[in-house]
Every structure is written in C-alpha cells, then in structure tokens.
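Summary of the model geometry
In case you want the letters, here they are:
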Amino acid sequence: MRPLGSAALISAVLALGGLSSPALAASYDFVPAPQTDLNRIYRIDRITGEVSSCQYGLQEGTVGVTLCYSAGEGAGAQAPGEYGLVASRHEREGGVFRVNFRTGQMSICYVFDERVVCTPQTTPSPAASSAAPTAATPSGGSGTGASPQRP
C-alpha cells in the first residue's frame, strides 16, 4: 500500500466521522421525577425546551406498557435556547424544573390530565430577590413543617 493512499484513506474516514457526529449528537436530556414511588421520566429537547414524559403501566396479560404524555399547555417548544431539566430533592414531587441555561428562566413541568404542562417561564427580578427574606415562609421552628406541593 502506498503511503499517500493510506493518508487519503485516513483523511476520508476522519471526514466521514466528522460529518456523522452531528447526527449522532444527543438533542434530548432525560430526568426522573423525584417522587420515590413514581416511575416517571421526563424528556426535554435541549434546543426548543419542549417537555414530554413516559412511565411504566400495568396491562393484564402482558409485560406492561409504556405510557407517554406529550407536551400540553406551556410544555411545547419555546424560543430557541439551551434547556435542561432539574429534579428537586423533594421525595414527593412528581414534577421537574425546566431551566434555560442561557437566560436563567425557569418553569415547573408536571403531568396533568394525561399531558405534560409547564408554568410560564420566569426569572426572579432583583427587587423580588431582595424582598424574599422578609416574606413569610415555613420554618423548622414553627407550624406543622408542611411545605408547598406542586400546583
């Protein structure tokens, strides 16, 4: 084999590999719901922010089925960005946070009436951030210790 032919072959293989890598790049991220007794996983399109969800379901006479929920109100495509999903550490929370890493906006997404819905995306304003410590919030020293649940 000629050295020039080997170099050409290697260049061609590298070029083809470079062309196929965008097609192989993952455009979705997946995050499980934090609720410990819920077998639901959320999927987000990292560019559009569209959120959907699937979970396992029992079906008599079979090994089961995959139940999927498409994007409903607020969960559809958003302005192009760099989106991700973040699960809270709240063990009874069935929803997840949709975040836009470019803008800092967030919303809460959860399954409602067999669709994934999300609250409007928002960013805390500087005025709200400075006022937050004065707002009444549950604390460990008073009340029942109950914390807010999903909407």
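See the structure shown above.
This section reports on the structure supplied with the text.

Scoring rules and cut-offs
Residues numbered from 1 in each chain as written. Predicted model: local features only at pLDDT ≥ 70, side-chain atom pairs only at ≥ 80, totals over all residues. Heavy atoms only, no water. Pairing = 2+ DSSP bridges. Helix = DSSP H or I, 4+ residues; strand = E, 2+ residues; numbered from the N terminus. Patch = residues over 30% accessible without salt bridge, like charges linked within 9 Å, V, L, I, M, F, W, Y side chains within 5 Å. Areas by Shrake-Rupley, 256 points an atom, 1.4 Å probe, with all protein chains shown as cover. Salt bridge = Lys/Arg side-chain N within 4 Å of Asp/Glu carboxyl O. Core = buried A, V, L, I, M, F, W, Y, C linked by side-chain atoms within 4.5 Å. Buried < 20%, exposed > 50% of the residue type's maximum accessible area, 1.4 Å probe, protein only. Phe/Tyr/Trp six-rings, centres within 6.5 Å; stacked < 30°, edge-to-face > 60°. Lys NZ or Arg CZ within 6 Å of the ring centre and 35° of its normal. Contact = heavy atoms within 4.5 Å. Disulfide = S-S within 2.5 Å. Axes fitted to C-alpha atoms, helices over the stretch in contact; angles between N-to-C directions.

Points about the pairing of strand E2 (residues 40-45)
Two elements, strand E1 (residues 28-32) and E2, share five bridges in a ladder whose sense is antiparallel. Opposite Tyr28, over in E2, you have Asp45 as the bridge partner. Counting the residues between successive antiparallel strands, the hairpin from E2 to strand E3 (residues 51-57) contains five residues, one of them, Gly49, with a positive phi of roughly 80°.

Digging into a nonpolar patch on the surface
Among the surface-exposed residues, Tyr28, Phe30 and Ile41 lie close enough to one another that they form a single nonpolar patch of about 280 Å² accessible area. By the secondary structure assignment, Phe30 is in strand E1.

Re the nonpolar core
Counting residues in each nonpolar core, the largest one holds 17 residues, and the members touching the most others are Tyr42, Val51, Ala75, Leu85 and Val116. Every element with two or more residues in this core is listed here: E2, strand E5 (83-86), strand E7 (106-112) and strand E8 (115-118).

A word on the packing of aromatic side chains
All chains considered together, the criterion is met by zero aromatic pairs. Its guanidinium or amino end placed over the ring of Tyr28, Arg43 lies 4.3 Å from that ring's centre, counting from NZ or CZ.

A closer look at the side chain of Ser52
With respect to the helices and strands, Ser52 occurs in strand E3. Look at Ser52 and you get buried, because its relative accessible area is 15%. If near-sequence neighbours (up to four positions away) are discounted, Ser52 is found in contact with Ile41, Tyr42, Arg43, Tyr69, Ser70 and Val116.

Brief notes about the state of the cysteines
Within the structure shown, the criterion is met by two disulfides. The residue that forms a disulfide with Cys54 is Cys68, at a sulfur-sulfur distance of 2.0 Å. Taking the torsion about the S-S bond as the criterion, the Cys54 to Cys68 disulfide, at about 105°, is right-handed. With Cys54 in strand E3 and Cys68 in strand E4 (residues 65-69), the pair connects residues that are 14 residues apart, well separated along the chain. Linked covalently through their sulfurs, Cys109 and Cys118 form a disulfide whose S-S length is 2.0 Å. What sets the handedness of the Cys109 and Cys118 disulfide is the S-S torsion sign, and at about 110° it is right-handed. The pair formed by Cys109 and Cys118 is uniform in burial state, with each residue classed as buried. The connectivity of the disulfides in the protein chain is 1-2, 3-4, where the numbers refer to bonded cysteines in sequence order.

Regarding the pattern of salt bridges
The full count for this structure, using the stated rule, is two salt bridges. Between Arg46 and Asp29 there is a salt bridge; the shortest N-O distance is 3.8 Å. One end of the pair, Arg46, is in the loop between E2 and E3; the other, Asp29, is in strand E1, and 17 residues separate them in sequence. Judged by relative accessible area, which is 32%, Arg46 ranks as partly exposed. Here Asp29 falls in the partly exposed class, since its relative accessible area comes to 29%.

With respect to the sheet that holds E4
To summarise the sheet geometry, strands pair through backbone hydrogen bonds and adopt either a parallel or an antiparallel arrangement. Strand order in the open sheet made by the four strands is E1-E2-E3-E4, with antiparallel pairing throughout. Edge strands, defined here as strands with exactly one partner in the open sheet, are E1 and E4. Going across the sheet, the axis of each strand differs from the next one's by a mean of 25°, ignoring polarity.

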